[in-house]
Amino acid sequence: MGSAAVLHQPTGLNLAVSAGRKVAGDADYAYIKAGITRDYIAAGETSFSVDYYDGNDFVVAGSSTSSVGVAVVQRLDAYNTELYATHRSYDFDDASASYQDLDVTFVGARWEF
């Protein structure tokens with residue numbers, strides 16, 4: 001397993017990647033996330049990102065899992081607060097059963113004190 005993340009400070013572009021394989025068995029996964037952080041408004045930095053996950057053989061031999069997500073975070077510097085929203089779609093498939101995809105949306109805030 002391994003991962004790496006980079007941030008290009010002048011542009012706010014960032015990238016994170018991760019991949020791994022289970023030592024005993026055939027399970028493996030790959031993950032990538034790309035984003036940008038900028039001062040679009042005076043209140044604080046705004047971050048946008050999109051990510052993708054793909055895995056095989058984690059739950060059941062021959063299964064596949066995937067996930068796609070998008071997120072936005074708005075920093076409110078004057079209030080030490082971050083507002084966030086994210087949407088993620090999940091998919092799981094195996095040869096023995098049929099499963100429905102799942103979509104999840106979160107919104108929230110984080111206040112630092």
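Quick caveat: nothing in here was measured; it's all calculated off a predicted structure.

Undergrad: Sorry if this is basic, but what is going on with the overall build of the protein chain here?
TA: Check the secondary structure of the protein chain and you find zero helices and seven strands. From first element to last, N terminus to C terminus, the protein chain shows the α and β order β-β-β-β-β-β-β. Against the 2.2 N^0.38 benchmark of 13 Å for 113 residues, the protein chain shows a C-alpha radius of gyration of 17 Å, more extended than a compact globule. For the protein chain, the spread of C-alpha atoms along the principal axes amounts to about 55 × 30 × 25 Å. Burial statistics for the protein chain: of 113 residues in total, 21% are counted as buried. Counting contacts in the protein chain only where the partners sit at least 6 residues apart, residues at least 24 apart contribute 33% of the total. If you sum the accessible surface of the protein chain, you get close to 7,900 Å²; carbon and sulfur atoms cover 61% of it.

Undergrad: Help me understand the environment of V70 in this model?
TA: The residue V70 is located in strand β5 (residues 64-76) in this model. In this structure the C-alpha to C-alpha distance between V70 and S18, which are 52 residues apart in sequence, comes to 17 Å. Sequence-distant contacts of V70, that is, excluding residues within four places in its chain, are made with S49, V50, A85, T86 and H87.

Undergrad: Honestly, the sheet that holds strand β1 (residues 2-8) in this entry has me stumped. Any pointers?
TA: As a general point, the strands of a sheet are linked pairwise by backbone hydrogen bonds and lie either parallel or antiparallel. Taken in spatial order, the seven strands line up as β1-β2-β3-β4-β5-β6-β7 in an open sheet, and their pairing is antiparallel. The open sheet has two free edges, formed respectively by β1 and β7 (102-111), since each of these has just one partner strand. The mean angle between the axes of side-by-side strands here comes to 10°, regardless of whether they run parallel or antiparallel. Direction of pairing for strand β4 (residues 44-56) relative to β5: antiparallel, over a ladder of 11 bridges. The residue bridging T46 from the neighbouring strand is Q74, located in β5.

Undergrad: How do you make sense of unusual backbone geometry when you look at a structure like this?
TA: Only a minority of non-glycine residues have a phi that is not negative, and only a minority of peptide bonds are not trans. A positive phi angle is found at D57, which is not glycine, with a value near 65°. Within the secondary structure layout, D57 lies in the loop between β4 and β5. Residue D57 is classed as partly exposed on the basis of its relative accessible area, which comes to 24%. In the Ramachandran plot, N80 falls in the positive-phi region, its phi being about 50° despite a non-glycine side chain. Mapped onto the secondary structure, N80 falls in the loop between β5 and β6 (81-93).

Criteria and thresholds
- Residues numbered from 1 in each chain as written.
- Predicted model: local features only at pLDDT ≥ 70, side-chain atom pairs only at ≥ 80, totals over all residues.
- Heavy atoms only, no water.
- Helix = DSSP H or I, 4+ residues; strand = E, 2+ residues; numbered from the N terminus.
- Rg over C-alpha atoms; globule rule 2.2 N^0.38 Å.
- Buried < 20%, exposed > 50% of the residue type's maximum accessible area, 1.4 Å probe, protein only.
- Contact = heavy atoms within 4.5 Å.
- Areas by Shrake-Rupley, 256 points an atom, 1.4 Å probe, with all protein chains shown as cover.
- Pairing = 2+ DSSP bridges.
- Axes fitted to C-alpha atoms, helices over the stretch in contact; angles between N-to-C directions.

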